[in-house]
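Okay, here's what each chain looks like letter by letter:
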Amino acid sequence: MSEWTMVAALNEALIDATAADESVVVFGEDVGRLGGVFRVTDGIQARFGPKRCFDTPLAESGIVGLAVGLALRGFRPVPEIQFDAFTYPAFEQIVSHLAKYRSRTQGRVDLPVTLRVPSFGGVGAPEHHSESPETYLAHTAGLKVVIPSTPADAYALLRESIELDDPVVFLEPKSRYWQAMPRDVPTGSIGRAVVRRPGRDVTIVSYGPTVATALSAADVASELGWDIEVIDLCSLVPLDMDSVVASVERTGRCVVVHEAPRTLGPGAEIAALVQERAFLRLRSPVLRATGFDTPYPPARTEGRWLPDVERVLGCVEQAVAY
Amino acid sequence: MTQTIVTEPDLFRIIGPDGFRVSNGDVDVRLSDDDMVALYEQMVVTRVLDQEFVNLQRQGQLGLYPSCRGQEAAQVGSAFALSPEDWVFPQYRELGVFLGRGVDPLGIGLLWRGTVHGGLGLLERRCAPVCVPIATHSLHAVGMALGAVLDGGRDVSVAYIGDGATSEGDAHEALNLAAVFGAPCIFFVQNNHWAISVPVSEQTRSASIAAKASAYGMAGIRCDGNDVLACYMATRRAVEAARAGGGPTLIEAVTYRIAGHTTSDDPRRYRSDAEVERWRALDPLSRYQAFLRQEALWSEDVEVRCRGRASALAEGLRQGVTGAPEPDPSRIFDAVFRWPTPALREQAAQLAAEMGRETS
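Quantities reported herein were computed from a predicted structural model and do not represent experimental measurements.

Draft legend 1. A look at helix α3 (residues 72–80) of chain B. With 8 of 9 residues buried, α3 of chain B is to be regarded as a mostly interior element. The complete set of buried residues in α3 of chain B reads Glu72, Ala73, Ala74, Gln75, Val76, Gly77, Ser78 and Ala79 of chain B.

Draft legend 2. How the structure looks around the packing of helix α1 (residues 6–20) of chain A against helix α7 (residues 151–163) of chain A. All names here are of chain A. Remark: α1 packs on α7, axes separated minimally by 8 Å, with the N-to-C direction vectors making an angle of 25°. Here α7 runs roughly parallel to α1, going by the angle between their axes. As for how α1 packs across α7, the hand of that crossing is right-handed. On α7, the residues that touch Met6, Ala9, Leu10, Glu12, Ala13, Leu14, Asp16, Ala17 and Ala20 of α1 are Pro151, Ala154, Tyr155, Leu158, Arg159 and Ile162. The residue inventory of the contact of α1 with α7, partitioned by class, reads 12 nonpolar, no polar and 3 charged.

Draft legend 3. A look at the pairing of strand β3 (residues 185–191) of chain B. Residue and element names in this part refer to chain B. For β3, a buried count of 7 out of 7 residues is recorded, marking the element as mostly surrounded by other parts of the structure. Burial along β3 is two-sided: the residues Cys185, Phe187, Val189 and Asn191 and Ile186, Phe188 and Gln190 are all buried. Where strand β2 (residues 157–162) meets β3, 6 bridges bridge the pair, whose relative direction is parallel. Within β3, the residue paired with alanine 159 across the bridge is phenylalanine 187. The pairing of β3 with strand β7 (residues 249–254) spans 6 bridges and is parallel. Paired with phenylalanine 187 across the bridge in β7 is leucine 250.

Draft legend 4. Region of the structure containing the sheet that holds strand β11 (residues 228–232) of chain A. Residue and element names in this part refer to chain A. Spatial strand order, β9-β11-β10-β13-β14: 5 strands in an open sheet with mixed pairing. A strand with exactly one partner marks an edge of an open sheet, and here the two such strands are β9 (194–197) and β14 (287–291). With strand direction ignored, the average angle separating the axes of adjacent strands in the sheet is 25°. Relative to the sheet, helix α10 (residues 266–278) contacts β10 (202–206), β13 (254–261) and β14, its axis offset from that of β13 by approximately 155°.

Draft legend 5. Just the sheet that holds β7 of chain B, in detail. Residues and elements named next belong to chain B. Across the sheet, which stays open at both edges, the 5 strands sit in the order β1-β2-β3-β7-β6 with parallel pairing between neighbours. The open sheet terminates on both sides in strands that have one partner only, identified here as β1 (87–89) and β6 (219–224). In this sheet, adjacent strand axes meet at a mean angle of 20° when their direction is disregarded. The pairing of β1 with β2 spans 3 bridges and is parallel. Each bridged residue has a counterpart across the sheet, and for phenylalanine 89 the counterpart in β2 is alanine 159. Its contacts with the sheet place helix α6 (residues 138–151) against β1, β2 and β3, and it is angled at close to 165° to β2.

Rules behind the numbers
- Residues numbered from 1 in each chain as written.
- Chains lettered and ligands numbered in written order.
- Predicted model: local features only at pLDDT ≥ 70, side-chain atom pairs only at ≥ 80, totals over all residues.
- Heavy atoms only, no water.
- Buried < 20%, exposed > 50% of the residue type's maximum accessible area, 1.4 Å probe, protein only.
- Helix = DSSP H or I, 4+ residues; strand = E, 2+ residues; numbered from the N terminus.
- Axes fitted to C-alpha atoms, helices over the stretch in contact; angles between N-to-C directions.
- Parallel < 35°, antiparallel > 145°, perpendicular 65-115°, else oblique.
- Left-handed = near helix turned anticlockwise from the far one by under 90°.
- Contact = heavy atoms within 4.5 Å.
- Nonpolar A, V, L, I, M, F, W, Y, C, P; charged D, E, K, R; others polar.
- Pairing = 2+ DSSP bridges.

Given below as structure tokens:
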């Protein structure tokens with residue numbers, strides 16, 4: 001079976017989307033001539049020309065604001081913000097305009113913008129290059145928040161995002177960019193979670209970079225005699241709670257894993273919904289293996305900050321022993 | 001500071017404060033007599049409707065209203081230079097622009113009444129929703145104009161911003177991006193001297209707002225914002241340049257906000273009555289009326305006709321606003337996404353159940 005990396009899958013998705021629809025425009029900092037600092041947009045400008053893929057000056061708010069104006073005109077913009085923390089200068093454009101333009105025009109315009117953002121930690125990056133912005137975004141009405149965990153999902157979810165008429169913030173796990181994985185495998189879709197590994201004892205719910213962590217933890221757990229089910233959400237908005245609840249109703253235990261800081265993070269919402277909908281089926285409290293409520297630490301300590309196999313297994317053990 | 005409008009030599013002006021054509025004002029405005037009168041009529045309508053909005057707010061029919069009194073020439077003149085295919089990205093004080101685009105005054109009334117958000121007529125009138133976060137919409141104008149570069153469109157986009165907005169980061173990004181992309185975008189800055197309580201002298205150390213244009217590598221012009229023909233001509237030249245591929249222009253229209261920031265503001269806390277009176281003497285309507293008299297284009301009949309149309313529109317606005325049905329709360333879920341998410345469907349059902357309990 002042939003393999004590809006997430007960078008290659010994303011690049012192919014962008015090329016295919018640009019070829020398929022002439023309203024697609026790709027732009028951002030260094031995405032044209034250079035092909036992006038991660039090479040995700042490599043070759044697009046050379047192939048489709050500078051009107052379909054172009055560099056912008058350094059202006060994150062401007063990049064998102066341009067996308068709004070282009071979308072109002074009928075374009076299907078696919079801008080890139082170079083790194084997670086650089087979404088913050090664009091926060092107002094994302095929250096006050098990208099997310100709200102549909103409702104502020106009483107539903108008369110579509111905002112088919114896919115904002116790609118290389119995100120999350122674990123790559124030894126300097127400050128402001130390893131953040132998890134998904135909670136801010138998922139809490140904003142009007143944004144879809146999509147996070148792939150594998151190359152095949154990255155391709156499928158990015159194509160689907162670009163075709164959607166709603167704004168999508170597409171968070172790409174940098175730490176999963178370069179692992180070669182199978183091409184022809186089943187994929188999730190926006191609002192439909194995927195069971196990455198079936199199991200009977202504990203449900204681990206995750207997305208993006210920590211799905212791989214959860215799967216590794218499940219492998220170790222199986223040696224310890226615990227059968228773990230791993231669910232990959234694929235998107236936080238919409239959130240496929242039906243799949244999560246169906247799983248927890250079988251296992252009776254739930255652990256949520258994400259890099260984002262714990263307090264009021266996605267795990268809090270998932271735990272609330274699990275206890276609302278499966279209270280009498282729970283055999284232990286819903287637990288969370290997450291990053292800490294601190295600024296993202298320097299690279300040489302990130303290994304102790306990020307939820308690793310050990311932290312996930314700690315939660316599994318606690319849930320089983322409850 | 002505020003006296004500079006009368007003496008400043010490089011202020012583009014066609015009609016002086018006394019209503020006479022200025023000596024260096026040998027500009028051919030190429031407007032028919034009917035258009036010259038139409039400009040006046042539009043200014044009268046704007047003034048009268050603006051007052052009606054203020055009255056409706058005072059009577060509790062509107063939550064808030066930002067008056068454009070004193071800025072009619074800047075708004076009416078600039079909007080008059082645009083074609084229906086051009087796009088307008090307003091702030092919120094641009095009643096004269098909204099009317100110039102053919103936006104229904106009732107829609108504006110429902111906005112300030114709290115019946116709808118945004119509104120106006122983005123697609124029908126090419127007028128974007130009002131934008132309260134200052135200067136943020138200027139980037140949308142640049143995006144729209146960049147689209148014209150990409151798809152070969154002949155339309156021009158206009159961002160209406162104010163003197164305070166020029167201090168915002170988004171205004172800088174918009175000006176720079178427009179210049180870099182050569183986008184057919186006009187930044188029409190109404191320098192009305194006050195950003196709520198902060199005077200323009202504390203907003204920038206730049207010699208003028210128009211002077212900033214040269215740093216961005218675009219054309220800049222400072223015009224008398226109370227001279228409707230100067231505002232019209234400055235905008236028309238910018239539009240012609242943009243359509244011809246000449247890129248963006250920054251227009252600073254020097255005018256004055258006669259009323260408070262909004263109906264909630266008390267401007268006496270930060271500026272003197274004497275200053276306001278100096279600017280009342282430079283009133284754009286009486287100046288243009290005096291000019292039309294010189295040109296033998298004004299008559300009592302013209303005045304009666306303009307006032308009559310304005311009164312009829314004001315009456316229609318009053319009836320529409322006071323009789324407006326309350327919005328249906330269940331509609332708030334409709335336009336969050338193209339199709340509601342499971343969470344939104346669940347919450348819509350919850351609200352429906354709550355409303356059902358109240359009515360039963």
